[in-house]
Amino acid sequence: MTSFNRSTSRRLKKLTQIPSVWEGDRRPLSSPSQQSDSEAKGECILWVDYSQGIVRGMDVVASDIGPEAIVRTLMRAMEHPHSPAKPARPQRIVVKDREIQFYLRGVLQDLDIAIDYAPELPLIDELFRGFADILDSQTPDLPPQYAQILREKAFAIWQAAPWEFLEEQQILSIEINKWDVGTLYASIMGMLGMEYGILFYRSEESLKRFRAAVLRDEESQERLEEAFLKQDCLFLTFESADETDEDDEDLDDLADLPLSDIDPTFGNIHPLEGLRSVLYEEEALVIFVAIESLSRFIRDHRRQLHSEPFPTLSRRYRISPPQPCEELTKSLAVTVSTMPQLAAELEEMAGFGVDNAEIDDLGSSTFQSLQDDLIPEDSFLSLGVVSWEMLEYLRKGVNYHKADEIKQVGDGLPVILIQTSRPKAKIVIERIEAAGGLRAICFNPGADPFDGDRYDLGLLQTENGELFLFGEFLDEDPIHVEARKKWNQRCKNTKGYCGLIIAKGLTGASRGNPQLRDMMALFEGRSLSPKDLGIGTLQLMPQLKFE
């Protein structure tokens, strides 16, 4: 048994010994109705002065912490008690646990304190009854009778991942006509890989008002917060179950985590209530019906929802209420519909479509200026090769854009690999697809007339003739020179065929070494020589752009 150091014993014995009786105990921090959750909430250690009726020390510890914890709390109760108590040593201690009694007798044997047992501790019992009343009076996040089924429906939405093909402005209406709710307007969050969830607006006006406020006040954090709290909606969001990781900038996208690490949160936002992460019974029923009907709609129309433009779709479902629902004994008719006209209106509000027109103009000539805004600046870049076996896996598992039939000669397909964050990777992929796909990869000479440096510029050419800079390599860099030799030889083996891989996971454990699960798109194309490209040496101009 661990005992005090002699110096600690001497220090404690110097404390004034007062003629009082202290009660001490350690109990689960839960009410009797919450016993099943007691381990998650931990245990409370209390030391009280029964003679004076005051709490001298209190701690909350994990339930698996050993008996040393009760001694540590006792030491603080003696040396550094809660106000108004003064430092002191009791004459007698009473506990209601035989194991604690015997343990304390061994540890405190040099302090001249009597350690007794009693089946009841009146003051501590009263305090814990008060704690239990407080816990019982707290409103749970979800009505207990619906908590499990709501979490199951939330996980079904997470696995369906509607944000992979629906943007926030592509609104779905859910006509319920029950519990004072007419139609909800569902906005899917998550395509940018930042926040995942669904906002169920109670009115079309609230949705439009919030979007307009965001566009108007996007530079003012204070006004954005005000606009956020003025929404009128129910919500389902997803977070990491590990709260310690919330501020970890090295975390991968939430979508990369296993299902066991995902935690759904439900709640309500209203201009007069603000934000609360609690659903009351009627709200729980509304959001159950909304999620269930939305899940069925996504299941039935998944392929059509991928198409452009946003299609006109509608379907009616019979939704049975979760048990036990006393108010609704029969199934409820719910209609889910897409809202292409509203989506177009929201896109017009945000100014979508301007960039696409500009891209079309750029593609009207064979070569305008070299663009350097496709590949994010902090991306990881490498020249390498994908084995033919791995290539088959990639073609089946990622967004794949095929070239002509490639003969399997040499050690594999030469590839340029670009690794960035998932949201940025999506934008890169979408821009290449918008330009018709990848036509070719080329390394072209470049020069900086200001300092005389010469470069090997990595260029991507899309099917509409645009050129994008993906890398600048000094001609004298021995690592790049060697990588280029291998690249040229591999392209010769494949008769000029090569590929571009876009991967996520830049801030995660696979940074610099993306695994198959990190790869999001494979574009196959041809390797062009500078002569084939025919644009000559590119000069770095004063506006810091190769043209």
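Quick summary incoming for the structure in this document.

Reading the values: the criteria
- For every chain, the first residue of the written sequence is number 1, and numbering continues from 1 along that sequence.
- Two thresholds apply to this predicted model, a pLDDT of at least 70 for residue-level local features and 80 or more for giving and counting side-chain atom pairs, whereas whole-chain, interface and lining totals are computed over all residues.
- For side-chain calculations, the full set of non-hydrogen atoms in the structure is used, while hydrogens and water are omitted.
- Each helix is a run of H or I in the DSSP string that is no shorter than four residues. Each strand is a run of E no shorter than two, and both are numbered from the N terminus.
- Only protein chains enter the area calculation, which uses a 1.4 Å probe; residues under 20% of their type maximum are buried, those over 50% are exposed, and those in between are partly exposed.
- Only the protein chains shown count as covering a residue, and every accessible area follows the Shrake-Rupley method with a 1.4 Å probe.
- Exposure above 30% relative accessible area and no salt bridge define the residues that can form patches, which grow by joining like charges within 9 Å and nonpolar side chains of Val, Leu, Ile, Met, Phe, Trp and Tyr within 5 Å.
- A pair is scored as a salt bridge if a Lys or Arg side-chain nitrogen falls within 4 Å of a carboxyl oxygen belonging to Asp or Glu.
- Here the positive residues are Lys and Arg and the negative ones are Asp and Glu; neither His nor the chain ends is included.
- To locate a charge, take atom NZ for lysine, CZ for arginine, CG for aspartate or CD for glutamate.
- To get an axis, a line is fitted to the C-alpha atoms, and for a helix only the part in contact is used. The angle between two axes follows their N-to-C directions and goes from 0 to 180 degrees.
- Any angle between 65 and 115 degrees counts as roughly perpendicular, while under 35 counts as roughly parallel, over 145 as roughly antiparallel, and the rest as oblique.
- What makes a crossing left-handed is the near helix being turned counterclockwise from the far one by less than a right angle; a clockwise turn instead makes it right-handed.
- Note on contacts: a residue pair qualifies if any of its non-hydrogen atoms lie within 4.5 Å across the two residues.
- Any residue that is not Ala, Val, Leu, Ile, Met, Phe, Trp, Tyr, Cys, Pro, Asp, Glu, Lys or Arg is counted as polar, Gly included; the first ten are nonpolar and the last four charged.
- Strand pairing follows a simple DSSP-based rule, namely that at least 2 bridges must link the two strands.
- Here the expected length of a helix is defined as 1.5 Å per residue gap, with one fewer gap than residues.
- It is the directions from the helix axis to the C-beta atoms whose arc is reported.

A look at the overall build of the chain
Thought 1: In terms of regular secondary structure, the chain is built from 15 helices and 22 strands.
Thought 2: Each of the 547 residues in the chain was classed as buried or not, and the buried ones make up 47%.
Thought 3: Here the chain has roughly 28900 Å² of accessible surface; of this, 48% comes from carbon and sulfur atoms.

Some words on a negative patch on the surface
Thought 1: Together, Asp 451, Asp 453, Asp 475 and Glu 476 give the surface a local cluster of negative charge.
Thought 2: Positionally, Glu 476 belongs in the loop between strand E19 (467–474) and helix H14 (478–493).
Thought 3: By relative accessible area, Glu 476 is classed as exposed at 76%.

Comments concerning the packing of helix H6 (residues 144–160) against helix H9 (residues 281–305)
Thought 1: Axis separation between H6 and H9 bottoms out at 10 Å; the angle between their running directions is 30 degrees. Comparing their axes, H9 and H6 come out roughly parallel. Handedness of the H6/H9 crossing: left-handed. Residues Gln 145, Tyr 146, Ile 149, Leu 150, Lys 153, Ile 157 and Ala 160 of H6 touch H9, and the partners they reach there are Glu 281, Ala 284, Leu 285, Ile 287, Phe 288, Ile 291, Glu 292, Leu 294, Ser 295, Ile 298 and Arg 302.
Thought 2: Class assignment for the residues of the contact of H6 with H9 results in 12 nonpolar, two polar and four charged.

A short note on the sheet that holds strand E3 (residues 54–61)
Thought 1: Ordered in space as E3-E2-E1-E4-E5, the five strands form an open sheet in which the pairing is mixed. Only two strands of the sheet have a single neighbouring strand rather than two, namely E3 and strand E5 (114–117). Ignoring strand direction, the axes of neighbouring strands in this sheet form an average angle of 20 degrees.
Thought 2: Where strand E1 (residues 17–28) meets strand E4 (residues 89–95), five bridges bridge the pair, whose relative direction is parallel. Counted as the bridge partner of Trp 22 is Ile 93 from E4.
Thought 3: Against the sheet, helix H3 (residues 68–79) touches E1, strand E2 (43–49), E3 and E4, its axis set at about 145 degrees to E3.

Observations concerning helix H7 (residues 204–216)
Thought 1: Taking 1.5 Å of rise per residue, the 13 residues of H7 would be expected to cover 18 Å, and the 18 Å separating its terminal C-alpha atoms lies within 8% of that figure.
Thought 2: Of the residues making up H7, those classed as buried are Ser 206, Leu 207, Phe 210, Arg 211 and Ala 213. One face of H7 carries all of its buried residues, which in axial projection span an arc of 160 degrees. Exposed positions of H7 whose direction lies more than 90 degrees from the buried face are Glu 205 and Arg 216.

Notes on unusual backbone geometry
Thought 1: Of the consecutive residues Ser 83 and Pro 84, the connecting peptide bond is found in the cis state with omega at 10 degrees.
Thought 2: Inspection of the secondary structure puts Pro 84 in the loop between H3 and E4.
Thought 3: With a phi close to 55 degrees, Asp 112 is a non-glycine residue in the positive phi region.
Thought 4: Here Asp 112 lies in the loop between helix H4 (98–107) and E5.
Thought 5: Of note in this structure, Lys 495 is not a glycine but carries a positive phi near 60 degrees.

Focus: the pattern of salt bridges
Thought 1: Taken as a whole, this structure holds 27 salt bridges when the rule is applied.
Thought 2: In this structure, the salt-bridge partner of Arg 27 is Asp 125, at a minimum N-O distance of 2.5 Å. Here the residue Arg 27 occupies a position in strand E1, and Asp 125 occupies one in helix H5 (residues 122–137), the gap between them amounting to 98 residues.
Thought 3: The exposure class assigned to Arg 27 is buried, which follows from its relative accessible area of 16%.
Thought 4: One salt bridge connects Arg 315 with Asp 300, and the closest N-O pair in it is separated by 3.7 Å. Residue Arg 315 is found in strand E12 (residues 314–319), and its partner Asp 300 is found in helix H9; the two are separated by 15 residues along the sequence.
Thought 5: Connected via shared salt-bridge partners are Asp 25, Arg 27 and Asp 125.

Section: the packing of helix H1 (residues 6–13) against H3
Thought 1: Closest axis-to-axis distance for the H1/H3 pair is 11 Å, and the angle between their directions is 40 degrees. In this view, H1 runs oblique relative to H3, as classed from their interaxial angle. Every pair of crossing elements has a handedness; the one defined by H1 and H3 is left-handed. Here Thr 8, Arg 11 and Leu 12 of H1 come into contact with H3, specifically with Met 75, Met 78 and Glu 79.
Thought 2: Per-class residue counts for the contact of H1 with H3 are three nonpolar, one polar and two charged.

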